[in-house]
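Chain by chain, the residues:
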Amino acid sequence: MRIDTGSLPAYARGCAVLGSGGGGPVTIARAAALQALYDHGPVRVVQPGELDPELLVMPVGSAGSSAVMSERVGGTDEPVHLRRQIERRYGTPVGAVLASEIGGANGCLALAWAARLGLPLVDADGMSRAFPRMNQTVMELRGISATPAVMCDGRGRTVVIEHVDGRWLERLVRAALEPFGGQAATTEYVMRGHQVASATALGSVTRALRLGTELPAPLVSGKIAETGSIVIEGLGADLGRLVRIEAGTEFLAVLEDGAPLAVVPDVIALLDARTGEVVDTEHVRYGLRVSVVRVPCDPVWYTEEGLRLAGPEAFGLTGLAVPARGLPDTPSAPPAGPGAAPGAPRVRARSEAGGAPPASGGPRRPEAGEVAR
Amino acid sequence: MKAGVDIGPTNTDAALLHDAGAVLATVKVASVPGDPVASVTAALGRLAAPPLVQVAVGLHGAASAVAGRRGLCRVAALRIGGQEAQAIRPLFGWPDDLRRAVEAGSAVVDGGGGLDRADWTPLDRDAVARFAASVAGRAQAVAVTGLFSPLDAEQEQEAAEIVRAELGDLPIALSADLGSLGLLERENATVLDAALSGFAADMAARLASALAPVTAVHVTRGDGTLMSLEHLARHPGLSLGSGPASMLRGAGALTGLADAVVADVGARRVRVGALAGGFPEEAVAGARIGGVPVGLRIPELVRVARPVEPAELAEAVDRMQPGAGRLPLVVVGGGAHAVPDGLHPEHATAAGAIGAATSPVGGQYERIVRLAGRADLPAAMEAVVEQARASAVRAGADPLHVRIVEAADTPLDYLPGPFVRLRARAAGPPARL
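The structure displayed is predicted, hence computed values, not measured ones.

### A look at the overall build of chain A
Now for step 1: Scanning chain A from terminus to terminus reveals 10 helices and 18 strands.
Now for step 2: A separation of at least 24 residues holds for 77% of the contacts in chain A among residues at least 6 apart in sequence.

Below, the structure written as structure tokens:
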């Protein structure tokens, strides 16, 4: 299978859905991928089983602020600089590219960079969605070493990080982001071909392509009635329903009468009913007509160790029923959970220590008179 | 006595107003196809006005020139950003026909900035000169877009001087004058601004001679203010979005409301926008002109097709509200009778012309700054306010009567560091000549 300029829009839309409201807007990364495909031709998508066992597989993505990326759109050589450092350290050529994070901008960047390097893209990724922290990966769960890791910018300014685990990698990368101007290209959790099948979320690229054209039936459709704590009032067939969405940098939970309809690690996507575009957490505003879609995540995230790293409690959501992999895509009735009981503990989103920059409340409308003088 | 004129695709409206703002008369004439200036003189002729002091005109020709790919200059697009800004070339993704009509070469030269002073790379002056030389004879205008120029526009100005030394006196558009962060959208707006410079210079000259001896002739801008004909010739992109903007302003003038949702009912569609603090609510993202995403300060609009489906219109109105049912709805435009809801002020069919006549000459200035503490805010804001005032005066406002209508500081939580967007808008009556 190949991704070319024709299939890019579906792939990019699927990546946006898998962003679960975060992961950075795909607009710039999709344009970068379009130029890369236009300049270098289609990218071959390979299955983990097709990889030579000793082949070096390089996960790539960008870390930092997507607002910076809207201005500093990036160069053409970031993946070249990353590859050079990795090859120097391993002594063998990199043979394939993997998306560190399929959700949001990074899914498209991995495609762009595979095209620029002339390498295949593995049909898998590190997260099966977007997560705010670099160590929230399947590779981390499977004991793949986070380092050597490399960060660089378009000019080839480079930092190599050695001898740290995933948590420390996150700390050091965040610390280095400021001198990098808020955003940098990275590679980490480099693997050999034989490790990919057991240490990544499988089928992510084909899943993004599929979600780009075909989505599960929505949990609810309605209008955004409140934005501080997001409330959606059902419309049409959902008239009378009231659904609350918890969000950090991603949408984390969908609740109806206190009972969860979807909870992280479930992917939660909001789609603008008018344009069909994916709405991210920064663009939630009053009056938008949206449908809310739940897409199950990779099964590994629903295991005990998966939930510890990226379940609701990792995002400060307490008192929620542990999501079950078996949740239907389109529940006919809200599933009963402990949260449905009267007096159930209130769900709260805490800011995460050492996490991504705080989610902004979206573009704020100036209040009348507030700024006049 | 002053007049406003609003040139639509089918009809041209004109309104005669007392200096204090009361509407004395309105007329509607058929627009002269392809000749906006003739439409203006026809409408003003029908108005049978006594000698006028001021005339403000909503031209709206800029958007149709882009949409129709007519009368556009060939533009050399220069981007300053080196390897930080190569992943997407200038004009990449533009509709082919628009690109063919506009592009006279493009280049990305080294230089450009970042969020921090230490992030800046020196401008590659030789590369700028080489690029300018390479487009000599082909380019009729130049668009310069510097990486992070909304924080510091110095390299754009430096590049413009080099281009001028190489190519002589031709229109040069600088991105920091037009938009905010978001390199590609700002660059697109800048290229369109440069592409419109021939159209704008021609319009300015013809309007001035057609309306002589009236000297205070102004045209509408996308932010709901006015600018002089000289300013139009220098910054034609500022007139993009001016049609909806003056319609919104007119709805405000006719109702006395500073905050409202406004439905402008035309022959084929309804455009729903909002007034906030007396000026149009601006599109946050997603504005497109001629198929190109642009970062311009133009009104946010939701469009609804006619015949009007009431539920669809109600949804559009709700979408423009800041919260459920908070603001009144004002219905204006030639087809206002098709929408029974909301306020229907007198003269609503000429709201665009009235908005043009009653709007002040405006200017604005925006910079993103790193502020260590709130204590540094007043000094930083004062500098921005002064620039806004100067911008309004350059656009033709009376320096003695310019006042600041907005001075806002917005923390940019999504940027790493204590960044604040400072923005000031100034407005005043036209300078008397």
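Now that the structure is up, let's keep going.
### Let's talk about the pairing of strand E18 (residues 361-370) of chain B
Residue and element names in this part refer to chain B.
Now for step 1: Buried residues dominate E18, accounting for 8 of its 10 residues.
Now for step 2: As paired strands, E18 and strand E20 (residues 419-428) are joined by 10 bridges and run antiparallel to one another. When the bridges of E20 are listed, Ile 368 appears paired with Arg 421.

### Topic: the environment of Tyr11(A)
Residue and element names in this part refer to chain A.
Now for step 1: Note that Tyr 11 resides in helix H1 (residues 8-18).
Now for step 2: Using a count of 28 C-beta atoms within 10 Å as the deciding quantity, one classes Tyr 11 as buried.
Now for step 3: Between the alpha carbons of Tyr 11 and Gly 212 there is a distance of 5.7 Å; along the sequence they are 201 residues apart.
Now for step 4: Apart from residues lying up to four places away in sequence, Tyr 11 is in contact with Ile 3, Leu 111, Ala 208, Leu 209 and Gly 212.

### Side note on the confidence of the model for chain B
Now for step 1: Of all residues in chain B, 99% attain a pLDDT of 70 or more, and the chain-wide mean is 92.
Now for step 2: Across the whole predicted complex the pTM is 0.89, and at the interface the ipTM reaches 0.90.

### Things to note about the pairing of strand E11 (residues 260-265) of chain B
All names here are of chain B.
Now for step 1: Of all 6 residues in E11, 6 are buried, a share of seventy percent or more.
Now for step 2: Residue alternation in E11 divides its side chains into two sets, Ala 260, Val 262 and Asp 264 and Val 261, Ala 263 and Val 265, and both sets are buried.
Now for step 3: Looking at chain direction, E11 and strand E12 (residues 269-276) are connected through 6 bridges and run antiparallel. Counterpart to Asp 264 in the pairing with E12 is Arg 271.

### Quick word on the sheet that holds strand E17 (residues 278-279) of chain A
Residue and element names in this part refer to chain A.
Now for step 1: Judged by pairing direction, the sheet is antiparallel, and its 8 strands sit side by side in the order E15-E14-E13-E12-E11-E18-E16-E17 without closing on themselves. Edge positions in the sheet fall to strand E15 (259-263) and E17, since each has one partner strand and no second.
Now for step 2: Both strand E14 (residues 251-256) and E15 contribute to a ladder of 4 bridges, which runs antiparallel. Pairing of Ala 253 across the sheet is with Val 263, part of E15.

### Examining the sheet that holds strand E6 (residues 103-109) of chain B
Residue and element names in this part refer to chain B.
Now for step 1: The 4 strands are arranged E6-E5-E7-E8 in an open sheet whose pairing can be described as parallel. Lying at the two open borders of the sheet, with one neighbouring strand each, are E6 and strand E8 (172-174). The average angle at which neighbouring strand axes cross in this sheet is 15°, direction not considered.
Now for step 2: Along the sheet, helix H4 (residues 125-135) contacts strand E5 (75-80) and E6; its crossing angle with E6, the most-contacted strand, is approximately 170°.

### Section: the interface of chain B and chain A
Now for step 1: Contacts between the two partners involve 41 residues from chain B, matched on the other side by 41 residues from chain A.
Now for step 2: Of all the secondary-structure elements, those providing two or more residues to the side of chain B that touches chain A are helix H6 (183-195), helix H10 (310-319) and strand E19 (403-411) of chain B.
Now for step 3: With 6 residues, the top contributor of residues to the side of chain B that touches chain A is E19(B).
Now for step 4: In terms of residue class, the side of chain B that touches chain A is built from 22 nonpolar, 9 polar and 10 charged.

### A look at the domain arrangement of chain A
Residue and element names in this part refer to chain A.
Now for step 1: Under the domain assignment, chain A is made up of domain 1 (2-211 + 335-353) and domain 2 (220-315).
Now for step 2: Inter-centroid distance (C-alpha atoms) of domain 1 to domain 2 is 23 Å.
Now for step 3: Opposite the 29 residues of domain 1 that make contact, domain 2 presents 30 residues.
Now for step 4: Elements that contribute at least two residues to the side of domain 1 that touches domain 2 include exactly H1 and helix H6 (138-141).
Now for step 5: Broken down by element, the residue count for the side of domain 1 that touches domain 2 peaks at 4 residues, all from H1.
Now for step 6: A per-class count over the side of domain 1 that touches domain 2 returns 17 nonpolar, 8 polar and 4 charged.

### Topic: the confidence of the model for chain A
Now for step 1: Here chain A averages 87 in pLDDT, and 86% of its residues register 70 or above.
Now for step 2: Here residues 326-373 of chain A scores under 50 on pLDDT; set against residues more than four positions off or in separate chains, the count is 96 contacts.

### Here we look at H6(B)
Now for step 1: Its 13 residues give H6(B) an end-to-end C-alpha distance of 18 Å, which sits within 8% of 18 Å, the value for a rise of 1.5 Å per residue.
Now for step 2: Burial analysis of H6(B) places 13 of its 13 residues in the buried class, the great majority of the element.

### Considerations on unusual backbone geometry
Now for step 1: The peptide bond linking Thr147(A) to Pro148(A) adopts the cis configuration, its omega dihedral lying at 5°.
Now for step 2: Residue placement: Pro148(A) occurs in the loop between H6 and strand E6 (149-152).
Now for step 3: Of note, Tyr189(A) is a non-glycine position whose phi angle comes to about 55°, a positive value.
Now for step 4: Although it is not a glycine, Phe148(B) adopts a positive phi angle of roughly 65°.
Now for step 5: Its place among the elements puts Phe148(B) in the loop between strand E7 (141-146) and helix H5 (154-167).
Now for step 6: With 27 C-beta atoms counted inside 10 Å, the residue Phe148(B) sits in the buried group.

### Quick word on helix H7 (residues 166-177) of chain A
Residues and elements named next belong to chain A.
Now for step 1: Across its 12 residues, H7 extends 16 Å between first and last C-alpha, which sits within 8% of the 16 Å expected from 1.5 Å per residue.
Now for step 2: Here H7 has its buried residues at Gly 166, Leu 169, Glu 170, Val 173 and Leu 177. Buried residues of H7 fall within an arc of 100° about the axis and therefore sit on the same side.
Now for step 3: Tucked inside the fold, the buried residues of H7 contact strand E3 (56-64), H6, E6, strand E7 (158-161) and strand E8 (183-187).

### Side note on the environment of Ala194(B)
Residue and element names in this part refer to chain B.
Now for step 1: Mapped onto the elements of the fold, Ala 194 is located in helix H6.
Now for step 2: We classify Ala 194 as buried; it has 30 C-beta atoms within 10 Å.
Now for step 3: Note: C-alpha distance between Ala 194 and Arg 74 (120 residues apart in sequence) is 8.3 Å.
Now for step 4: Contact partners of Ala 194, with chain neighbours within four places excluded, come to Cys 73, Val 75, Ala 141, Val 142, Ala 143, Pro 171 and Ala 173.

### Some remarks on the packing of helix H1 (residues 36-47) of chain B against helix H7 (residues 197-211) of chain B
Two quantities define a packed helix pair, namely the angle between the helix axes and the distance between the axes.
Residues and elements named next belong to chain B.
Now for step 1: Where H1 contacts H7, the axes come no closer than 10 Å and their chain directions differ by 25°. Taken together, the axes of H1 and H7 are roughly parallel relative to one another. In the crossing of H1 with H7, the sense of the turn from one axis to the other is right-handed. Across the interface between the two elements, Val 37, Val 40 and Thr 41 from H1 touch Arg 206, Leu 207 and Ala 210 from H7.

Cut-offs and rules
- Residues numbered from 1 in each chain as written.
- Chains lettered and ligands numbered in written order.
- Predicted model: local features only at pLDDT ≥ 70, side-chain atom pairs only at ≥ 80, totals over all residues.
- Helix = DSSP H or I, 4+ residues; strand = E, 2+ residues; numbered from the N terminus.
- Contact = placed C-beta atoms within 7 Å.
- Buried ≥ 20, exposed ≤ 12 C-beta atoms within 10 Å, placed from the backbone.
- Pairing = 2+ DSSP bridges.
- pLDDT = per-residue confidence, 0-100.
- Axes fitted to C-alpha atoms, helices over the stretch in contact; angles between N-to-C directions.
- Nonpolar A, V, L, I, M, F, W, Y, C, P; charged D, E, K, R; others polar.
- Domains from an automatic or database assignment.
- Expected span 1.5 Å × (residues − 1).
- Arc of directions from axis to C-beta.
- Parallel < 35°, antiparallel > 145°, perpendicular 65-115°, else oblique.
- Left-handed = near helix turned anticlockwise from the far one by under 90°.

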